[in-house]
Amino acid sequence: MKKLFDVLRLLVLILAGLTGILFIVYFWNLDQKLLGWAYVQVNQIFDRKKTDIKF
């Protein structure tokens with residue numbers, strides 16, 4: 001029975017930690033900041049390539 005409670009306690013702690021991390025990401029809008037940085041990096045890569053279209 002003690003083993004079951006230990007597993008449940010661990011599960012609750014993991015879920016509480018994940019909820020806390022998601023709240024921090026939401027509160028500081030970190031997902032949008034990360035995507036903004038990623039868009040800049042992708043645009044720098046693709047702006048350097050030569051186009052394949054010939055007119």
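Our structure is the block above this text.
Definitions and cut-offs
Residues numbered from 1 in each chain as written. Predicted model: local features only at pLDDT ≥ 70, side-chain atom pairs only at ≥ 80, totals over all residues. Heavy atoms only, no water. Helix = DSSP H or I, 4+ residues; strand = E, 2+ residues; numbered from the N terminus. Areas by Shrake-Rupley, 256 points an atom, 1.4 Å probe, with all protein chains shown as cover. Phe/Tyr/Trp six-rings, centres within 6.5 Å; stacked < 30°, edge-to-face > 60°. Buried < 20%, exposed > 50% of the residue type's maximum accessible area, 1.4 Å probe, protein only. Salt bridge = Lys/Arg side-chain N within 4 Å of Asp/Glu carboxyl O. Expected span 1.5 Å × (residues − 1).

**Student:** Now, about the overall build of the chain: what can you tell me, with residues and values included?
**Tutor:** Tallying secondary structure elements over the chain gives two helices and zero strands in all. For the chain, the exposed area adds up to about 5,900 Å²; of that, 72% sits on carbon and sulfur atoms.

**Student:** Break down the packing of aromatic side chains for me, with residues and values.
**Tutor:** Scanning the model with the defined rule gives two aromatic pairs in all. Look at phenylalanine 27 and tryptophan 28: their rings are 5.7 Å apart centre to centre, the planes differ by 70°, and that puts the pair in the edge-to-face class. Here phenylalanine 27 falls in the exposed class, since its relative accessible area comes to 56%. Cluster of aromatic residues (ring-pair linked, three or more members): Phe23, Phe27 and Trp28.

**Student:** Kindly report on the pattern of salt bridges, identifying the contributing residues and their values.
**Tutor:** Taken as a whole and assessed by the stated rule, the structure comprises one salt bridge. One salt bridge in this structure joins lysine 2 and aspartate 6, with 3.9 Å as the shortest N-O distance. One end of the pair, lysine 2, and the other, aspartate 6, are both in helix H1 (residues 2–27), four residues apart, so they sit about a helical turn from each other. You can call lysine 2 exposed: its relative accessible area is 61%.

**Student:** Explain unusual backbone geometry residue by residue, including any values.
**Tutor:** Of note in the backbone geometry, asparagine 29 takes a positive phi value of approximately 55° without being a glycine. Mapping asparagine 29 onto the fold places it in the loop between H1 and helix H2 (30–47).

**Student:** Describe H1, and please don't skip the residues or the numbers.
**Tutor:** Across its 26 residues, H1 extends 37 Å between first and last C-alpha, which sits within 8% of the 38 Å expected from 1.5 Å per residue. Asparagine 29 sits one or two positions beyond H1 and adopts a positive phi of about 55°.

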